[in-house]
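Structural description and commentary
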Amino acid sequence: MKIQISLRLEKDLLDEVKRVAQEERKALTAMLRELISIGLRHKEELRFENISVSLNVFRYMVEESVKHKIAPPLDIAMNDVQMFFLWNYGERLENVSPVTLKEGLKKAITQIFGVHNVYIETQNHRTVLTFSGHFPAHVIWTFKVIRTLFERVLKSKVVGEEISGRKAILIVEKED
């Protein structure tokens with residue numbers, strides 16, 4: 001059942017709708033109904049990428065997770081890193097060259113975990129990774145994921161680690 005309504009639009013907006021209706025060879029009212037439907041569907045769709053959370057809310061969530069010793073979703077986070085490498089380099093993390101690994105890990109850690117000042121240095125068989133976070137709990141949470149990533153996926157042995165406030169350092173050696 002259709003109900004007739006009266007609607008006021010700005011002249012520029014009405015002209016644009018008329019132009020689009022003419023291009024698509026539709027009646028003005030049919031075009032308006034379609035645009036309203038599209039707008040309503042778009043309003044109902046929520047994508048995670050579009051949800052913004054204030055730093056304070058993020059901080060609270062992470063601090064509560066750390067306080068209650070809720071482990072970060074390691075498998076999910078590690079899968080995100082693997083997907084990053086597959087998408088950007090066409091290979092799984094453990095199969096890329098050392099140069100690509102260094103470059104890719106820095107980008108992945110920054111983008112996925114939201115940390116900054118990421119440095120990765122490799123000498124001989126030892127890799128030193130340092131990063132900073134927005135607040136201590138963020139650093140702890142991220143550190144747990146990265147450490148597990150190195151141990152499980154990259155088959156590395158942790159030979160040194162330190163977390164101090166908003167900074168962390170991880171030293172690993174490749175297991176033979």
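Each remark here, short or long, concerns the structure printed above.
Our subject in this report is the structure included herewith. Predicted, not measured: the structure shown is a model, and the values here were computed from it. (Residues numbered from 1 in each chain as written. Predicted model: local features only at pLDDT ≥ 70, side-chain atom pairs only at ≥ 80, totals over all residues. Heavy atoms only, no water.)

1. Here we look at the overall build of the protein
Each helix and strand counted, the protein has six helices and four strands in total. From first element to last, N terminus to C terminus, the protein shows the α and β order α-α-α-α-α-β-β-α-β-β. Across the 176 residues in the protein, those meeting the buried criterion constitute 28%. Accessible surface for the protein amounts to roughly 12800 Å². Of this, 54% is attributable to carbon and sulfur atoms. (Helix = DSSP H or I, 4+ residues; strand = E, 2+ residues; numbered from the N terminus. Buried < 20%, exposed > 50% of the residue type's maximum accessible area, 1.4 Å probe, protein only. Areas by Shrake-Rupley, 256 points an atom, 1.4 Å probe, with all protein chains shown as cover.)

2. Notes on the pairing of strand β3 (residues 156–164)
Bridge analysis of β3 against strand β4 (residues 167–174) gives eight bridges, and the strand direction is antiparallel. From the neighbouring strand, K157 faces β4, where its bridge partner is E173. Here β3 hands over to β4 after two residues, with G165 in that stretch at a positive phi of 65 degrees. (Pairing = 2+ DSSP bridges.)

3. Quick look at helix α1 (residues 11–23)
Over its 13 residues, α1 runs 18 Å from end to end, which matches the ideal 18 Å to within 8%, given 1.5 Å per residue. By the burial criterion, the buried members of α1 are V17, V20 and A21. An end-on view of α1 places all buried positions within 100 degrees of arc, on one side of the element. With respect to the buried face of α1, the exposed residues turned more than 90 degrees away are K11, D12, Q22 and E23. (Expected span 1.5 Å × (residues − 1). Arc of directions from axis to C-beta.)

4. Let's talk about the pattern of salt bridges
In total, this model carries 11 salt bridges according to the counting rule given. With its nearest N and O atoms 3.2 Å apart, the salt bridge here joins R147 to E151. Highlighted residues: R147 and E151, both in helix α6 (residues 136–153), separated by four residues, approximately one helical turn. What makes R147 partly exposed here is its relative accessible area of 26%. The partner of R147 in a salt bridge is E161, and the shortest N-O contact between them spans 2.4 Å. Of this pair, R147 sits in helix α6 while E161 sits in strand β3, and the two are 14 residues apart along the sequence. One network of salt bridges, in which partners are shared, links E16, R19 and E23. (Salt bridge = Lys/Arg side-chain N within 4 Å of Asp/Glu carboxyl O.)

5. Things to note about the nonpolar core
Counting 32 residues, the largest nonpolar core has L105, F113 and F131 as the members making the most contacts within it. Put simply, the parts of the chain that give this core at least two residues each are α4 (74–89), α5 (98–113), β1 (116–123), β2 (126–132), α6 and β4. Broken down by element, this core gets its largest block of residues, nine residues, from α6. Sequence-distant contacts of L105, that is, excluding residues within four places in its chain, are made with F85, L93, T100, I120, L149, F150 and L154. Membership of the second largest hydrophobic core comes to five residues, among which are V17, V20, M31 and L32. (Core = buried A, V, L, I, M, F, W, Y, C linked by side-chain atoms within 4.5 Å. Contact = heavy atoms within 4.5 Å.)

6. Details of the packing of α5 against α6
Relative to each other, α5 and α6 sit at 140 degrees, their axes nearing to 12 Å. With respect to α6, the element α5 is oriented oblique. Crossing of α5 over α6 shows right-handed handedness. Contacts between α5 and α6 involve L105, I109 and F113 from the former and H138, W141, T142, V145, I146, L149 and F150 from the latter. Per-class residue counts for the contact of α5 with α6 are eight nonpolar, two polar and no charged. (Axes fitted to C-alpha atoms, helices over the stretch in contact; angles between N-to-C directions. Parallel < 35°, antiparallel > 145°, perpendicular 65-115°, else oblique. Left-handed = near helix turned anticlockwise from the far one by under 90°. Nonpolar A, V, L, I, M, F, W, Y, C, P; charged D, E, K, R; others polar.)

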